[in-house]
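Working through the structure, step by step
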Amino acid sequence: FGLGSAIPRQSARGGVLRTSAAMAPKVLGPPLKKAKPNPAVWEWQDGKEWRAFKEEDAGMLEARYTALGAKAKFVTTEFSFNKGYDTMYEVNFPKMQQINRDTKKVRNIRRKDAKGAGKASWEWWTDESDWAAFNEQDSELLEKAFGSGITPFMTKKLSFNAGFDSLYMFDFDVMTQVNSDSGTSRKIQRTAAGGSKIFGHVKGEDDAYADVLLAGKDSDATGGAAAGVKFDLGLPAAFTTAQKKKGAASLRKTKRDYGPIISKDKHGSKCFDEMLKNEQEFCGEWVVFYHSYSCAALLYEVQAAVGSVLFRFKAEFAGLPRILAHGFKHIPDAARMLEEFPKWKDKDHNPAFKAVGLCATSSLLAPDSEAPAKSVFLAGYSVGSLAGVLEKLLGSVGVPPAKIPKLAKDIVGLACEHGLDTCGIPGGSKCKSGRSGHMLQIFLRRELCDKYVYPSFAYGVPDKKRDLPFSTYMAIAAPIKGQVRITLNPDVFLRATYARMFTYSADPTYHEKRPAFIKQLVGLLEPILGDDAVREKAARGIFGGSPPDWWTPEDQSEMAAMPAARYATSDMAE
């Protein structure tokens, strides 16, 4: 569709037709007054190009936009290109998308207003979990800084800062705003003229894992799982001594520079100091990776607590990103993931990856194109709703259906009491500091690095230059840098012999209270998973069949308890 027969237009089935036929559009809902002629132009994206809607379609879109506002959604059957099909189309103004409800085909759309041409708008994420616009003066300042290409941008010249004189830092790589005095972090986003957005934190992979949980079916818990793997561990003494001498991986030929945001924050600097201390302790026999997350933190914590009760997981030290083993039947390790990856047009956004994979970086301090630790730690990496996901997770890990609603409510209440940001979950609340970020520090035995990790670019595209194999790169490179994708198989990552993990939370209150929260969370789960039969059923459900041979049905939580000094020692046996 377009302005003439020479311009391609969308078919109702998501393809492209060539025709100049037109009909006056009708929209489901109350009748609208005919839109007055205006300079606004509506366009749809065709590959890398933008094409104009036909005049009558543009008029209908403008009328709806004017009547309902920029946050509206509506459904229509009679775009001019839809004649003879009666296909239902959803138009989503907040996301600037047009969705064919039959085929699920999504097209980007945009509105270009001649009066506002060339002007971008800037917004910040409020305490009410919504976007609010910066005023014009502040937007112009941010746009000028953004255009300069310098990040982070630091300024006191903001309208809302008059009389306070606080230094604000804006990181345009991950779109965050940090008040250096209070430490409060907020997400920001930029909308270019025409409607294309640069979000501070679009749906991150922790949100994507939530999508997998919601899409899961009870029938997933049938069939056998490949579980019970065993590895002979042992590295030459000369090798581990050499690695110890090289020191913490993130500091190899790299300055101890936490960046302007973390360096100005006492709690953030302390967390980074502790992570580098861990690196020094583990650098002989272990490789290290970092995974940033935010809104799915409660899911990770619940999985960790379940892992403590059922599998002796050391939940007091770390959240657990993956516990459901169903997807690992098909993709148990990195080699299998690399075989499947070429089939995924959506790359690491594919559901098969989301179920088993984790995005991470190989250094705490090195720059990164997607989620540099120094930039994303305070604010986290996503904004999103997790409505219904906690309930789905509890059912998936063996909680009886009748007990799920109350247990979910109790868990959210307990999380709020201890300061965990749960604003994406019904009944939850925002943490006081506004710092929703968390960092998971993951140590894996060097012998298992090539088995479960591969080096990657953004979107999980394999990086063959670092695959020497990758364990060799991690041993000889200086500086170490770049993204990785981890197949986080619970059969391996539940076991401290093979993997150690540590959670660091940007909110200082929750970081301090986390051990107490986990202890009480385990206390909520123990009575529900209170006998051998229930625990065995839960373990079979989690592993999609028979549990691994190292598993036993008694309550494992007391055996999981361990002093921090022992867990944080590199040569500790399981």
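Residues numbered from 1 in each chain as written. Predicted model: local features only at pLDDT ≥ 70, side-chain atom pairs only at ≥ 80, totals over all residues. Heavy atoms only, no water.

This next bit is on the overall build of the protein. Helix and strand counts for the protein come out as 19 helices and 21 strands. Contacts in the protein between residues far apart in sequence, at least 24 positions, make up 70% of those at least 6 positions apart. Put simply, the protein shows about 25100 Å² of open surface, and 54% of that area lies on carbon and sulfur atoms. (Helix = DSSP H or I, 4+ residues; strand = E, 2+ residues; numbered from the N terminus. Contact = heavy atoms within 4.5 Å. Areas by Shrake-Rupley, 256 points an atom, 1.4 Å probe, with all protein chains shown as cover.)

Mapped onto the elements of the fold, Asn100 is located in strand β7 (residues 97-100). From its side chain, Asn100 meets the backbone nitrogen of Asp102 in a polar contact 2.8 Å long. (Polar contact = N/O pair within 3.5 Å; in protein donor to acceptor, adjacent residues only side chain to side chain.)

Another point: helix α6 (residues 266-282). Helix length check: α6, at 17 residues, gives a terminal C-alpha distance of 25 Å against a target of 24 Å (1.5 Å per residue), a fit within 8%. Two to three positions downstream of the cap, the backbone nitrogen of His267 sits 3.4 Å from a side-chain oxygen, assigning the N-cap of α6 to Asp265. (Expected span 1.5 Å × (residues − 1).)

The biggest cluster of nonpolar side chains holds 114 residues, and the ones touching the most others in it are Phe289, Leu298, Ile486 and Phe493. No other element matches helix α7 (residues 297-311), which puts 11 residues into this core. Membership of the second largest hydrophobic core comes to 15 residues, among which are Ala72, Phe79, Tyr89 and Val91. (Core = buried A, V, L, I, M, F, W, Y, C linked by side-chain atoms within 4.5 Å. Buried < 20%, exposed > 50% of the residue type's maximum accessible area, 1.4 Å probe, protein only.)

Moving on, we come to the packing of α7 against helix α17 (residues 532-543). Between α7 and α17, the least distance of the axes is 10 Å, while the angle of their chain directions is 125°. Judged by the angle between their axes, α7 and α17 are oblique. The two elements α7 and α17 meet at a crossing, and its hand is left-handed. Contacts between α7 and α17 involve Val306, Val309, Leu310 and Phe311 on the former and, on the latter, Arg535, Ala538, Ala539, Ile542 and Phe543. Here the residues of the contact of α7 with α17 are counted per class, giving 8 nonpolar, no polar and 1 charged. (Axes fitted to C-alpha atoms, helices over the stretch in contact; angles between N-to-C directions. Parallel < 35°, antiparallel > 145°, perpendicular 65-115°, else oblique. Left-handed = near helix turned anticlockwise from the far one by under 90°. Nonpolar A, V, L, I, M, F, W, Y, C, P; charged D, E, K, R; others polar.)

Judged by pairing direction, the sheet is antiparallel, and its 6 strands sit side by side in the order β4-β3-β8-β7-β6-β5 without closing on themselves. Unpaired on one side and paired on the other, β4 (49-52) and β5 (73-76) mark the two borders of the sheet. Taking each pair of neighbouring strands and ignoring which way they run, the sheet shows an average axis angle of 30°. Note: strand β3 (residues 41-46) against β4, 4 bridges, orientation antiparallel. Within β4, the position partnered with Asp46 by the bridge is Glu49. (Pairing = 2+ DSSP bridges.)

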